[in-house]
Amino acid sequence: MLHKILIAPFVEMAAMPDLFVQTIWEGFVGGVLYALIALGFVLIFKASGVFNFAQGIMVVFAGLTLVGVYEKFASFGFTGMIAAYLSVVVALAVMFALAVAVERVVLRPLVNQPDIILFMATFGLTYLLIGLGETIFGGSPKVMIADQLGLPKGVIDLNILGGRVSLQMLDIAAAVVATVMIAALALFFQYTRIGRALRAVADSHKAALSVGISLNQIWIIVWFTAGVVALITGIMWGARSDVSFGLQTIALKALPVLILGGFTSVPGAIVGGLIIGIGEKIGEFYWGPLIGSGIESWFAYVIALTFLMFRPQGLFGDKLIERI
Amino acid sequence: MFYREVGQYKTTYQADMAVFPILQDRIGIAVILAIAFIAIPLFASEFIIMSVMVPFLVFALAAIGLNILTGYTGLISLGSGAFMGVGAYACYKLTTLFPGVNIIVWIIVSGFFSAAIGVVFGIPSLRIKGFYLAVATLAAQFFLQWCFVRIPWLYNYNVSGAIEVPERTLFGVAITGARATPEMRYLVLLTIVVALTWLASNLVHGRIGRSWMAVRDMDIAAELMGIKLLPTKLLAFAVSSFYCGVAGACMMFLWYGGGEANDAFNVNQSFNVLFMVIIGGLGSLLGSFLGSFFISTLPTLLKFGVPAIGIPLTGAFAEHLTHVMVGALIIFFLIVEPHGLARLWQIAKQKLRVWPFPY
């Protein structure tokens, strides 16, 4: 038994390195997409101290809006790339409207409430968006308009280590998009006026208000940014599978990524995403069959919890100093 | 006026510390218990009992459990659904292994299994706090749910992959299984709920409850006052899981009758219980009852009540509407009354006390 757990999987890895590389690549792509969802969480947490549980449903909602609007255009006989990008614009407008609505209705009355109250409010938001989405777009899964958006498709086969590793073009595109977006966001937070204001708000609502930062504006900006991230995530996830409410469960997967990386760190979201994505795929592929498959549903949490026992604030999180 | 406590002197410490110090409260509780134990089984229809009262009582028990952890001790948990599952599966294993022992004994004992599992998943709570802990309890949710599906021993290798509730009797009357009448199931459930609520009330009013609340309000200060954090938090996890486990066992044996076991303990159930606690009121036993009544009857009301008054509503749309309404109500309550329905009752009581004067 010990041999099967401790030695056999590594022997298998060494015996078939191409399969190992393939597993790592798949984990890498999954990790990038987890990181994207986690990024939406981090943005909002960093800039307003709200733990936004609704980020996952925002991804679904943005994807559904995009496909729904495109279907509407298609019913008038207006299809193709222009229609697709017009739908993107409409979806962005919807996410902006959502950001304004959230700020007006939910956040403004709850300024300076304890964190837990704001967290629970995003729970309410989640259910509201699930109900609205199902009412407007129906509960059935939809196909993402990947071709019309001009996303690459096809497979590249590489000869590595005496075997064949196949990479989906779509996955490569997802990785590139994620990298560009993360870099842009990091620069935005570090070097622009608004980015500095966002960080100030995260530190203390009261202090930011007293130096003349408009809390309402900042909140709209940050929720809209999270909406944009959600839309991009929705497109990428939707192109890999379907756009459906089942995607919510993926958002729950982004939570271990967050606690692993730390709630306040953009690099943490990425590193955490990659660790969880790759670790989960390797665990499922090599150790999963030993205890019955399907361990992907909780393996990520076990990885995250193990890290937490040693660093309770996550890998890149801020160390909390508590005073009485 | 209606609530005037003038002339009700407290002359002993016992009277001062009583759970219901006011005569009107004691009368009210007695009336409610009489209605619940006598009037409802005699006069209510089967529909009222099985789709309103039984779900309400089951969820009330689970909500009390979560309220002890989240409302009284301040530890957020998103794993209550899984702990309910542990209770249900433990009860099933016990009653099939030892069919001779009364089922009510096993329903209570299965709570202890759930408590043990709860303690294991509560251990990280010393190191990690707040949102980090909430995510850690999600680990319990997903791991246990996986166990329910993947370990065939838990459901006795049934072909259906779910637990099948056998028939068990009390004094020769069937209380579980297909032949049990709704009235019997309701009475058994009500007895369990009343007994456990009494127990919980004593717990939270005593030394243990006060140490839980001290930890909730500020754990470092509580530690300085000499409260040992780890045992206190673990005890909260244990008691909370105990209640959830008993609720889960009751749910399977007295309400569902098996079948849907895999689906009944998923993460949505955990959220549901959390909503009951939020809407009912954090840190209030009364709130657990009010919240669970509210949330558990809302779908029934939308599905059967709204068409009854002439507005046609399809089943799917009613479900979506439930989501929208629950979501909107949570936000509404958090903004308007963060202390939930229980606080509204307190306000009403105060108004009755000073009536007819405003102050």
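Residues numbered from 1 in each chain as written. Chains lettered and ligands numbered in written order. Predicted model: local features only at pLDDT ≥ 70, side-chain atom pairs only at ≥ 80, totals over all residues. Heavy atoms only, no water.

The name an unreviewed UniProt entry gives chain B is Branched-chain amino acid ABC transporter permease, with Phreatobacter stygius as the organism. Under the UniProt heading Subcellular location (unreviewed entry), the entry covering chain B gives this text: "Cell membrane". (UniProt positions renumbered as here; feature names shortened; annotations may be inferred.)

As annotated in an unreviewed UniProt entry, chain A carries the name Branched-chain amino acid ABC transporter permease and comes from Phreatobacter stygius. Checking UniProt for chain A, the heading Sequence similarities (unreviewed entry) contains the comment "Belongs to the binding-protein-dependent transport system permease family. LivHM subfamily."

> Can you walk me through the overall build of chain A in this structure?
Tallying secondary structure elements over chain A gives 13 helices and 2 strands in all. Its C-alpha atoms give chain A principal-axis dimensions of about 65 × 60 × 35 Å. Put simply, chain A has 324 residues, and 52% of those count as buried. When the accessible surface of chain A is split by element, carbon and sulfur atoms take 68% of a total near 13,900 Å². With 18 positive and 17 negative side-chain charges, chain A shows a spacing of 11 Å between the two charge centroids. (Helix = DSSP H or I, 4+ residues; strand = E, 2+ residues; numbered from the N terminus. Buried < 20%, exposed > 50% of the residue type's maximum accessible area, 1.4 Å probe, protein only. Areas by Shrake-Rupley, 256 points an atom, 1.4 Å probe, with all protein chains shown as cover. Lys, Arg positive; Asp, Glu negative; His and termini not counted. Charge placed at Lys NZ, Arg CZ, Asp CG, Glu CD.)

> Whenever I open this one, the UniProt feature "transmembrane region" (unreviewed entry) in chain A confuses me. Can you help?
All names here are of chain A. Taking the numbering used here, the UniProt-annotated feature "transmembrane region" (unreviewed entry) corresponds to residues 20–43, 50–70, 82–102, 114–133, 172–192, 213–237, 257–278 and 285–310. Counting secondary structure, residues 50–70 comes out at 76% helix and 0% strand; the distance between its end C-alpha atoms is 32 Å. Between the C-alpha atoms that bound residues 114–133 there is a distance of 29 Å. The span itself is 95% helix and 0% strand.

> Looking at this structure, I do not really get helix α8 (residues 193–203) of chain A. What am I missing?
At 3.6 residues per turn, the α-helix brings residues three or four places apart onto the same side. All names here are of chain A. Along α8, the positions that sit buried rather than exposed are Gly195, Ala197, Leu198 and Val201. The buried side chains of α8 occupy one side of the element, clustering within an arc of 160 degrees when seen end-on. Seen from the open side of α8, the exposed residues pointing more than 90 degrees away from its buried face are Arg193 and Asp203. Lining the buried residues of α8 we find α3 (17–48), α7 (169–191), α9 (205–210) and α10 (215–240). (Arc of directions from axis to C-beta. Contact = heavy atoms within 4.5 Å.)

> When you look at the packing of helix α4 (residues 80–97) of chain B against helix α6 (residues 130–150) of chain B in this model, what are you seeing that I'm missing?
If you want to describe how two helices pack, look at the angle between their axes and the distance between the axes. Residues and elements named next belong to chain B. Packing of α4 against α6 brings their axes to within 8 Å, and their N-to-C directions diverge by 30 degrees. On the basis of their axis angle, the class for α4 and α6 is roughly parallel. Crossing hand, α4 versus α6: left-handed. Between α4, through Gly81, Ala82, Phe83, Gly85, Val86 and Tyr89, and α6, the contact on the second element is made entirely by Ala140, Gln141, Leu144 and Phe148. Looking at the contact of α4 with α6 residue by residue, the classes come out as 7 nonpolar, 3 polar and no charged. (Axes fitted to C-alpha atoms, helices over the stretch in contact; angles between N-to-C directions. Parallel < 35°, antiparallel > 145°, perpendicular 65-115°, else oblique. Left-handed = near helix turned anticlockwise from the far one by under 90°. Nonpolar A, V, L, I, M, F, W, Y, C, P; charged D, E, K, R; others polar.)

> What am I meant to see in the packing of helix α4 (residues 55–75) of chain A against α10(A) here?
Residue and element names in this part refer to chain A. Between α4 and α10, the shortest axis-to-axis distance is 8 Å and the interhelical angle comes to 65 degrees. Considered as vectors, α4 and α10 are oriented roughly perpendicular to each other. In this structure, the crossing between α4 and α10 has a hand that is right-handed. Only Trp223, Ala226, Gly227, Ala230, Leu231, Thr233, Gly234 and Ile235 of α10 make contact with α4, whose side of the interface consists of Gln55, Met58, Val59, Ala62 and Leu66.

> In this structure, what is going on with α4(A)? I would like to understand it.
Residues and elements named next belong to chain A. Given a rise of 1.5 Å per residue, 21 residues ought to cover 30 Å, and the 30 Å separating the end C-alpha atoms of α4 matches this to within 8%. Buried residues dominate α4, accounting for 17 of its 21 residues. Positive backbone phi, at 80 degrees, marks Gly77, one or two positions downstream of α4. (Expected span 1.5 Å × (residues − 1).)

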